Every structure is written in C-alpha cells, then in structure tokens.
Amino acid sequence: MIETGKKLRRLSACVGLLSLVVLAATCAPQDKTIRIGVFSSLTGNTATFGISSKYGIQMAADEWNSRGGLLGKPIELIIEDDQSKPEEAALAITKLINQNKVSAILGEIASSRTLAGAPIAQRAGIPLITPASTNPKVTKVGDFIFRVCYTDSFQGVVCARFAVQKLGLKRLAILKDIKNDYSIGLADYFRQNVQALGAQIVTEESYSEGDTDFRAQITSMKAANPEGIFIPGYYTEAGLIAKQVAEQNLNVRLIGGDGWDSPRTVEIGGAAVEGAFFCNHYSAEDTARLVQDFVAMFKKKHNEVPDAMAPLSYDAANLLFAAIQSAGSAEGHAIRDAIASTKDFPGVCGSITIDAERNARKSAIMLQISGGKLKKYDVIYP
Amino acid sequence: MEQFVQQLINGLSLGTIYALIALGYTMVYGILRLINFAHGDVYMVGAFFGYYVARFISTQLGYVPSMLNFFLVLAASMAGCAILGFVIERGAYRPLRRAPRLNALITAIGISLLLENLGQLVFGADPKDFPNLIPRTTLSIGVLTVSNIQLIVVATAIVLTLGLEFIVHRTKMGTAMRAVSFSGDAAGLMGININRVISFTFVLGSALAAAAGILVGLYNPKIDPLMGIMPGLKAFVAAVLGGIGNIPGAILGGLIMGTAETFTVGYLSSTYRDAITFVILVAVLLFRPTGLLGTPARSKF
C-alpha cells in the first residue's frame, strides 16, 4: 500500500510537471518585443546567401534598436536555418508562425524556398518580404507576400539584351538547373527575349542542384557551337561549370543571373570565371552615399565587401520596420497595408516603390568578373 | 563522332570513381554477405580527410600544387579511412556476427546515418572547395580534350585495382580472404583467423573508398557531408550489376554506370540520369540474376 502511494505521488508529480511544460509551450510569450521571423540558408548549398542576408537584417535591426526600437519596443529577430532545402524552409516558417508568434517574416533568397514557405505565411495572415527571390510566381502566392527586388521577367530581358545587343552574340546556349524555380523561370525569359531579338538559342541543357559533373552537358553544348552560354544558376554550380567549360577548351562568353553573386563564384571558378558577366542588384563600387555608407559599415563589422544579398536584406528589413512604425501596430493586416502603400523608399539597392503586384521596379546592374573582382559594367533601367 | 568519343572519355572517368567505391561493397559482401551501406559515407570521410590534410600541408609546409602533394594527401586519407573501416567493423559489425543477417544490415544503415550527420556537425553542412592538388592542364587531341586530372584519376584507379588483384591472388592474406569467402566456417576450422581476415577486408575496402574520395575531390572540387549518398548507391548498383562479390565485375559495373549516366545526360536529358541507373540494374537482373560476371555458385573472388 505504501509502495502504491509512493508510485501514485510520483505519477502525479510527473503529470503536474508535464502539464506545466505544455502550459508554458502553449502560452504566448509576453509581448515585450516586436518579434520578426527570419528564415535563411545559413548552411547547405547556398550558405553564403543566407549568411549575407542574416548580416543585412541584423544590421538594420541593430540600427532601429539603437534608435529606440519599434513602437516603443525592441525588435527581436528569430532566425531559423533552412539548410538550403525547400522542405526545411516550410518547417521553419511553420515554427516561426505557430511557436514564436512572429509579427512578420523576412526571407529567403532562393525562389524555391520562398515559394515553399510563402503559402504558409499567406494562410496565417503574416506578411512576408523576400529580399531577393526574383521568380514572378513568388508574389503571386497571395496579398501578404512582397519583394524588394526586380523579377526574372526583367532580369531575362536585361541578360538577353546584354548578350545580343551589347556583346553581339548570335548563337547562345542555356545550361539551367531543372530542380530550381528561379533557374527554370529565368531560362524561359532569357530564351523568349533572345529569340525576340533575332538571335538563336542553339541548345538548352540542364543539371540538378548539387551536381558536380557537368562534362556531358558541356560536350553536348560544344557540338552545337555556341558563342555564349547563359547559366541561370547559383554560385556553387556556376563556378564548377566555368571550370569544366575551360577544361574542354570551349571558348565562349559566360553570362549569369543574380544567383552568381557570392565571393565563392570567384573562389571556386578561379581563372575560369575571369571575364564572365552576371546581372546583379547593386555594385559595391557605386558612389551613391547610401551604398558607400552601407559598404563601409559592413566592412567594419564583417571584414569583407558585401554581396547583393546583404544590402537587399537590409533594405527589406528597413522597409518592414518602417511599415510597422507607420502602421502603429504589429498586427498582420495593418503591417500588410502599410507595406503595400510604400512609395519611394530609399534603399541601398535603389529606391523602392511597391506596385499593385507587390513587386519592386528597380534597375539592374551588369557586373564583369575582372582580376577576381566584380566590376560595374553597365546599368539597365526598367 | 568526336562528341561520342568525348562523352566516352567523360563517362569512363566518372565510371572509374564508381568502380573504386564498388570494390569495397563487393569485397565485404563476398566475405560477410553484408551490404555495407556505410561504405558511401566512408568515401565522403575520405574526401574530407584529404581536404584537411591538403590544407595542413598548404599552411604548414608551404604549398605548391604538385604530384608529391597528391600522393601525400592520397596516402594520408587512405590510412585514415583504413582505421575508420577497422573501427566500424570492430565496433558495429563484429558484435553482431552471430546475429541474424538483417540486424547487421540495419546497423549498416545506422552507421551510414551516423557518419552523415556527424559529418554535418564536424565538417559543417556547407560545401567545401577541394584544394587544387595538381596544376590543371588540358591536352587536346584534335577536337577531343582530356585533362591531366582525368588521366590521373584513371591511372590511379588502374594502379589501385592491380594492387588489389595482387593482394587477393598473390598473398597469403588474399588466399585467406578467398577461403573465408568460399566458406567462413570451413576456413575457421582450417586455422584461418576469420576475424583478422574480415578486419583486413574492411581496411582494404575503406582505403579504396578514400582513394575514390580524393579522386573525386580532384576531379569535381566540391565536397560536402552528404556527397556519399548518391555515389554510394550507384556504386552499390554497379557492384550488383557486375555480380556482387566479384572484383572484375565491380569494375565493369562501375564503368558501365559511369558511361551510361554520361550518355544519358549528353544525349537525352539530365532528368533521366539517376533513373537510367536503376533501369539498367533491373534490366540486367531480369536476364542475369547473378549480375554480368557473377556465377550462381558460392565461389566468390
């Protein structure tokens, strides 16, 4: 009997403890801060995107916090790593919304991962701003999804005009990543525009993200005798592709999209990416005050020249914080309306006006890799 | 025609890497009837050993890409993985020697997951650039191009395979391996130390996987902790294709897989690349259930 009593007591203690834990978990944390969720690829295939993006957002939050925060409360960033995988991105967003009860979400650079997370934010009525997902489908998910960069329909025009009109190339090849929404979309816009300009796409080959051997595709492309290859992929693959193109003595112009923007492109590609061009959102060489201030501040903190993901994310975060301030509330619908009415917001990567499709109209910059550095080559206005 | 020959060169270079990994699968299976699913991850660890040794050499000894560097890195990584293979066998498989075969198989999958996740924890989940061990040059023969790296990959694989053939057929340990493969119990009764033979097999197989890791690092200089999954799976298919337990079969299987994959990507689409691998496997097994060079009897090697 005594034994049973002890057991019972132990059991009830356990149940008590358990219910406390459950209570603590379900209870919304006290609203002493404005919680902003960030989902980002801090590890995995495109880790430099996520890390740069995180730095940009942190810089914006630090500045606002040093000025007294938002609506009288400090900004609290809750940062989730999605390991560069779409399925992890969806999990991260679910956690940010259900568990951390964030007011708004910033993130993802890669369109595939923003697309995986955006429907969840849309359903929950939590505004989401992506700093750099350029695929047009992203903001079509719903009226809570915004972006502060140009779209691939514009980037496709820019790259096609550049290849055909500026470089005078008549025979172009495309090597795209078939598992990636961004890459497929950008390849489509590029093809349409190149053909509209009277040049030819002589061959279109594909790979999957994470591949390391592209020799078969390159050999096939070589047989079609192109003058230039458009590679709308991310930096890891772009560097390896450039190397293997050089290995096969294929002497062509290489052109890429904003997915190339990482210090790793030059690290991996080395001499093989020398002279290649890619379309980007900003140039660290820009003499504008906002750009130079940002670059100087970033260099001081992280000891490197920021790629475009940092200033884009910085802009996205600043725009979001300003919207929350002007909405006067951290409630989803109020924030959404405030973001939607943003006009001429001064950003590092150009002034931002959110249009009816929740996109930003901005100019693009063509960079050339020269001496291992990114040189501003051309600016194309919308 | 030039395109065909160039694709063949590409395919055979890739195939030799599969072949080296397949050798480890086939040897372990021949002796233990165990499919060592952790083998692909040993290959990954081999690549990372090479990465760190190369970085050590470059920072401590002053770094000029040369053949000597390559041999140093190759030897160090093969030694490292040989120890890893020994530890895995000793710690995970030997205690299960008398247990049902399924237990060992599931343990192998467990070890595989352990290595993958430990790899992400220790090495970091983001891909690393494998250092340039040898200065790259490209040789052109007409319109065909062969890089010196491709030649080194193939040459290293041939030397290692010849070495393996020598060990298996010309040494006492090799004879013991073949005896254990034929019948473990009988070999034990004849006074062969079975445990030592099995350990030796793991050591040999893991060292070959490490070599494959270094070669792939040289060939496609991007390595990450999950890089062993797909090549591991394909090398396993290669081993089965050639007749599991059969050494020349593993090499043949590897070369077939590499060329089939390259031709699929070159002439069809990269979408079908991984699918074709398994279609070939199914097709071969339908007509030759024991694989291309496998024999229905239990005589292995």
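Relevant structure appears above.
Small disclaimer: the values here were computed from a predicted structure and weren't measured.

Reading the values: rules and limits
Residues numbered from 1 in each chain as written. Chains lettered and ligands numbered in written order. Predicted model: local features only at pLDDT ≥ 70, side-chain atom pairs only at ≥ 80, totals over all residues. Heavy atoms only, no water. Helix = DSSP H or I, 4+ residues; strand = E, 2+ residues; numbered from the N terminus. Rg over C-alpha atoms; globule rule 2.2 N^0.38 Å. Buried < 20%, exposed > 50% of the residue type's maximum accessible area, 1.4 Å probe, protein only. Contact = heavy atoms within 4.5 Å. Areas by Shrake-Rupley, 256 points an atom, 1.4 Å probe, with all protein chains shown as cover. Lys, Arg positive; Asp, Glu negative; His and termini not counted. Charge placed at Lys NZ, Arg CZ, Asp CG, Glu CD. 1 Å grid on protein atoms, 1.4 Å probe; cavity = no way out; pocket = protein on both sides within 12 Å on 5 of 7 lines; lining within 4 Å. Points joined across faces, edges and corners; volume = space filled by probe spheres on them. Nonpolar A, V, L, I, M, F, W, Y, C, P; charged D, E, K, R; others polar. Domains from an automatic or database assignment. Pairing = 2+ DSSP bridges. Axes fitted to C-alpha atoms, helices over the stretch in contact; angles between N-to-C directions. Salt bridge = Lys/Arg side-chain N within 4 Å of Asp/Glu carboxyl O. Polar contact = N/O pair within 3.5 Å; in protein donor to acceptor, adjacent residues only side chain to side chain. Buried area = accessible area lost by both parts, 1.4 Å probe.

(A) Summary view of the overall build of chain B. Secondary structure assignment for chain B yields eleven helices and four strands. Over its C-alpha trace chain B gives a radius of gyration of 19 Å, about what one expects of a compact globule, namely 19 Å for 301 residues. Relative to its full complement of 301 residues, chain B shows a buried share of 54%. Contacts spanning at least 24 positions in sequence make up 78% of the contacts within chain B whose residues lie at least 6 apart. When the accessible area of chain B is evaluated, it comes to approximately 12700 Å², of which 72% is carbon and sulfur surface. Each charge class in chain B can be summarised by its mean position, and for the 19 positive and 11 negative side chains these summaries are 13 Å apart.

(B) Inspection of empty space enclosed by the protein at higher detail. This model, assessed by the stated rule, comprises two cavities of 30 Å³ or more. Here the largest cavity is characterised by a volume of approximately 50 Å³. If you trace the largest cavity, you find it lined by Phe49, Ile109, Ala110, Ser111, Ala132, Thr134, Tyr182, Tyr234, Asp258, Gly259 and Met309 of chain A. For the lining of the largest cavity, the residue count by class is seven nonpolar, three polar and one charged. Residue-level mapping places the lining of the largest cavity at the junction of two domains, with at least three residues from each of domain 1 (31–150 + 286–363) and domain 2 (153–280) of chain A. Considered as a void within the structure, the second largest cavity measures approximately 30 Å³ in volume. As for the second largest cavity, its lining consists of Asn36, Ala38, Val42, Gly85, Ile88, Phe202 and Ser206 of chain B. Secondary-structure elements contributing two or more residues to the lining of the second largest cavity are helix H3 (67–93) and helix H8 (194–219) of chain B.

(C) Just the sheet that holds strand E4 (residues 128–130) of chain A, in detail. Residues and elements named next belong to chain A. The five strands lie next to each other as E2-E1-E3-E4-E5, forming an open sheet whose pairing is parallel. Looking at which strands have only one partner, the edges of the open sheet turn out to be strand E2 (75–81) and strand E5 (145–147). In this sheet, adjacent strand axes meet at a mean angle of 25° when their direction is disregarded. As paired elements, E4 and E5 share three bridges and run parallel to each other. For Leu128, the partnering residue across the bridge sits in E5 and is Ile145.

(D) Main features of unusual backbone geometry. Residues and elements named next belong to chain A. If you check the backbone angles, Leu71 has positive phi at about 50° while not being a glycine. Tracing the backbone through its elements, the reader meets Leu71 in the loop between helix H2 (47–66) and E2. Here the phi dihedral of Arg358 falls at roughly 65°; this positive angle occurs in a residue that is not glycine. Considering the arrangement of structural elements, one finds Arg358 in the loop between helix H12 (332–340) and strand E11 (364–370).

(E) Representation of the side chain of Asp177 of chain A in the model. Residue and element names in this part refer to chain A. Counting through the fold element by element, Asp177 comes out in strand E6 (residues 171–177). Buried charge Asp177 goes without a salt bridge, the closest partner of opposite sign being Lys179 at 7.1 Å. Among the polar contacts listed, one links the side chain of Asp177 to the backbone nitrogen of Glu209, at a separation of 3.2 Å. When near neighbours in sequence (up to four residues on either side) are disregarded, Asp177 contacts Ser183, Ile184, Tyr207, Ser208 and Glu209.

(F) Region of interest: the layout of surface pockets. A volume near 1400 Å³ is recorded for the largest pocket. Lining the largest pocket we find 48 residues, and of these Ser208, Glu209, Gly210 and Asp211 of chain A together with Met230 of chain B sit closest to its centre. Looking at the lining of the largest pocket, the elements that each hand over two or more residues are helix H3 (86–98), helix H4 (111–124) and helix H7 (215–224) of chain A together with helix H1 (2–32), helix H9 (229–242), helix H10 (247–267) and helix H11 (273–287) of chain B. Looking at the lining of the largest pocket residue by residue, the classes come out as 18 nonpolar, 16 polar and 14 charged. A domain-level breakdown of the lining of the largest pocket finds at least three residues from each of domain 1 (31–150 + 286–363) and domain 2 (153–280) of chain A.

(G) Focus on the interface of chain A and chain B. Taken together, the contact pairs 30 residues of chain A with 28 residues of chain B. Here chain A meets chain B over a buried area of about 2300 Å², counting both sides, of which 45% is carbon and sulfur. Counting across the chain A and chain B interface gives four salt bridges. Arg273 of chain B is the salt-bridge partner of Asp211 of chain A, the closest N and O atoms lying 3.0 Å from each other. At the junction of chain A and chain B, the tally comes to 17 residue pairs in polar contact (both at pLDDT 80 or more). Elements with a contribution of two residues or more to the side of chain A that touches chain B: strand E7 (200–207), H7, helix H8 (235–247) and helix H9 (263–269) of chain A. Classifying every residue of the side of chain A that touches chain B gives seven nonpolar, 13 polar and ten charged.

(H) The arrangement of the sheet that holds E11 of chain A in detail. All names here are of chain A. Taken in spatial order, the seven strands line up as E7-E6-E8-E9-E10-E11-E12 in an open sheet, and their pairing is mixed. Whereas interior strands pair on both sides, the edge strands pair on one side only; in this sheet they are E7 and strand E12 (373–380). The sheet shows a mean angle of 25° between the axes of neighbouring strands, taken without regard to direction. Bridging between E6 and strand E8 (residues 228–231) involves three bridges; their strand directions are parallel. Along E8, the bridge assignment pairs Ile174 with Phe230. With respect to the sheet, H7 is in contact with E6, E7 and E8, its orientation differing from that of E7 by roughly 170°.

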